[in-house]
Amino acid sequence: MHELGLVNYVVKQVTAIAEENQVEKICSVTLEFGEVSGIVPSYLHSYWDWYTKKFPLFTGTKLYCETIPAVTWCDSCHKTYPTVQYGKTCPYCGSGDTWLQSGNEMNIKEIEVE
């Protein structure tokens with residue numbers, strides 16, 4: 001249920017940006033989040049639709065979501081690989097000396113205004 005907290009955070013950030021730039025209407029917001037971030041897109045959309053109705057700035061605003069692939073780096077062989085497919089063990093050298101390079105983040109990628 002952390003999606004509601006994320007929606008709240010995004011609305012606050014976008015509102016602040018809109019105020020700084022004297023924007024009166026937000027048309028869409030594009031978020032990008034990691035493949036292993038634990039964010040459930042359907043929950044995010046449901047909370048977005050419910051929560052943004054409280055703010056005139058967001059009336060009719062569309063939410064778009066893009067996924068950032070999860071990539072893991074191996075310190076032993078200095079290669080990257082797809083995290084979801086192979087997990088923590090490097091498929092090239094079998095090492096567990098790995099760390100998540102990308103795929104757990106969440107960013108506000110784009111704000112479209114009227």
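Above this text is the structure in question.
Worth saying up front: this structure is predicted, and the values here are computed from it rather than measured.

What counts and what doesn't
- Residues numbered from 1 in each chain as written.
- Predicted model: local features only at pLDDT ≥ 70, side-chain atom pairs only at ≥ 80, totals over all residues.
- Heavy atoms only, no water.
- Buried < 20%, exposed > 50% of the residue type's maximum accessible area, 1.4 Å probe, protein only.
- Helix = DSSP H or I, 4+ residues; strand = E, 2+ residues; numbered from the N terminus.
- Pairing = 2+ DSSP bridges.
- Axes fitted to C-alpha atoms, helices over the stretch in contact; angles between N-to-C directions.
- Salt bridge = Lys/Arg side-chain N within 4 Å of Asp/Glu carboxyl O.
- Polar contact = N/O pair within 3.5 Å; in protein donor to acceptor, adjacent residues only side chain to side chain.
- Contact = heavy atoms within 4.5 Å.
- Core = buried A, V, L, I, M, F, W, Y, C linked by side-chain atoms within 4.5 Å.

Visitor: Please provide a residue-by-residue account of the pairing of strand β3 (residues 71–74), values included.
Guide: Residue alternation in β3 divides its side chains into a buried set, T72 and C74, and an unburied set, V71 and W73. Bridge count for β3 against strand β4 (residues 80–82) is three bridges, and the pairing is antiparallel. When the sheet's bridge partners are listed, V71 is paired in β4 with P82. Turn length for the β3-β4 hairpin, with the two strands adjacent in sequence and antiparallel, is five residues, and the turn residue H78 shows positive phi of about 60°.

Visitor: Describe in detail the sheet that holds strand β6 (residues 106–113), supporting the description with residues and values.
Guide: Here we have three strands laid out as an open sheet, ordered β2-β1-β6, and mixed in their pairing. Lying at the two open borders of the sheet, with one neighbouring strand each, are β2 (62–68) and β6. Neighbour-to-neighbour, the strand axes of the sheet open up by a mean angle of 20°, direction not taken into account. Two strands pair when backbone bridges link them, and strand β1 (residues 26–34) and β6 are joined in this way by seven bridges, in the antiparallel orientation. Bridge pairing in β6 links S28 to E112.

Visitor: Hey, could you go over unusual backbone geometry for me, with residue numbers and the actual values?
Guide: For Q22, which is not glycine, the phi torsion reads 50° and is therefore positive. A residue is classified by how much of its surface remains accessible, and Q22, at 69% relative accessible area, is exposed.

Visitor: Explain the pattern of salt bridges to me, and be specific about the residues and the numbers.
Guide: Going through the model one piece at a time under the given rule, you end up with one salt bridge. Ionic pairing is found between K109 and E66, a salt bridge with its closest N-O pair at 2.7 Å. Here K109 is found in strand β6, whereas its partner E66 is found in strand β2, with 43 residues between them in sequence. On the accessibility criterion, K109 (47% relative accessible area) is partly exposed.

Visitor: Describe the side chain of E3, and please don't skip the residues or the numbers.
Guide: Here E3 shows up in helix α1 (residues 2–20). A polar contact of 2.7 Å, which involves the side chain of E3, links it to the backbone nitrogen of V40. Not counting residues up to four positions away in its chain, the partners in contact with E3 are G38, I39, V40, Y43, L44 and Y47.

Visitor: Tell me about the nonpolar core, and please be specific about residues and values.
Guide: In terms of nonpolar packing, the biggest core is built from 17 residues, with I26, V29, L44, W48 and F58 touching the most fellow members. At the level of elements, α1, β1 and α2 (41–51) are the ones that each hand at least two residues to this core. If one sorts the elements of this core by residue count, α1 sits on top with six residues. Leave out the neighbours within four places in its chain, and V29 touches V10, V14, W48, T61, K62, L63, Y64, I108 and E110.

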